[in-house]
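What follows is each chain in one-letter form.
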Amino acid sequence: MTSSSEPAHNVIVFGEAGVGKSSLINLIIGSKRAETSADAVACTKRNQEYEVTIDSRKFRIWDTVGLDSGTFNWLPAAFAERPLKQFLSKLFKKGEVDLLVYCVRASRATRALVRHYQTFYSTICEGAVPVVVVITCLENASGEMDSWWTKNAENFRRYGMSFAGQACVTTLGEDQCDSASLRERRASSQRAVHELISTTCGRHGSRLASGDTGPSKQRSIAGLLSSMIPWLRPSSPE
């Protein structure tokens, strides 16, 4: 049993606009508190926290402004990234980033996947914080949702993106699950994400300060990923 005095672990959910970050937040916390949009339009306009208890441990789940929001015209991409960079840098310097959750839409593949991974994991957090990936919008996938990762994991590794864990999910709300199969997929998705967070976030005291990883490692990771960006084709991963 975890001590009640243990501080809440900070879990940062980030990703492009319209990939379902807010819907993922609602799945995690088990209630419809984060504002969502029915289409691929950015709806989160500021970083917002939500507290949840998983396996008797407290977590503070952060919903963040969608990256590349400029694609949808309401907010230039540079302005969307700037506050998130500042927010994450501030938390990291205080040793208060416990887990990064990279939210990726199954049907979307862009060069930005590598760029955002590089910026927020390798550069700002210096590779010193666990990062996991959650693949969304798999409610209509044929076979098991996890099979998506089996087919596409190599594409992520090929471009230098490694993760401490992954979950393939649907983030449909309860009111959208109009069949027994969808309700089961939603329930299994919630279990999978809860387990992912619980097993990779601070279980062994992994809350690290920014000095725990040297600048040479930071530069080597960033340099490797930078060299790969020009060759990333939109078709990968699928």
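Keep in mind that this is a model prediction, so the values were computed, not measured. (Residues numbered from 1 in each chain as written. Predicted model: local features only at pLDDT ≥ 70, side-chain atom pairs only at ≥ 80, totals over all residues. Heavy atoms only, no water.)

(A) Region of the structure containing unusual backbone geometry. In this structure, D55 takes a positive phi of about 50 degrees despite not being glycine. Examined against the element boundaries, D55 turns out to sit in the loop between β2 (48-54) and β3 (57-63). Note on D55: relative accessible area 52%, which makes it exposed. (Helix = DSSP H or I, 4+ residues; strand = E, 2+ residues; numbered from the N terminus. Buried < 20%, exposed > 50% of the residue type's maximum accessible area, 1.4 Å probe, protein only.)

(B) Representation of the state of the cysteines within the structure. All chains considered together, the criterion is met by zero disulfides. The cysteine C103 is free of any disulfide, with C137 supplying the nearest cysteine sulfur at 7.9 Å. (Disulfide = S-S within 2.5 Å.)

(C) Main features of the pattern of salt bridges. In total, this model carries five salt bridges according to the counting rule given. Among the salt bridges present, the one from R60 reaches E49, with a minimum N-O distance of 3.0 Å. Taken together, the residues span a long stretch of sequence, with R60 in strand β3 and E49 in strand β2 at a distance of eleven residues. Where E154 meets R157, a salt bridge forms, and the shortest distance between an N and an O atom there is 3.3 Å. (Salt bridge = Lys/Arg side-chain N within 4 Å of Asp/Glu carboxyl O.)

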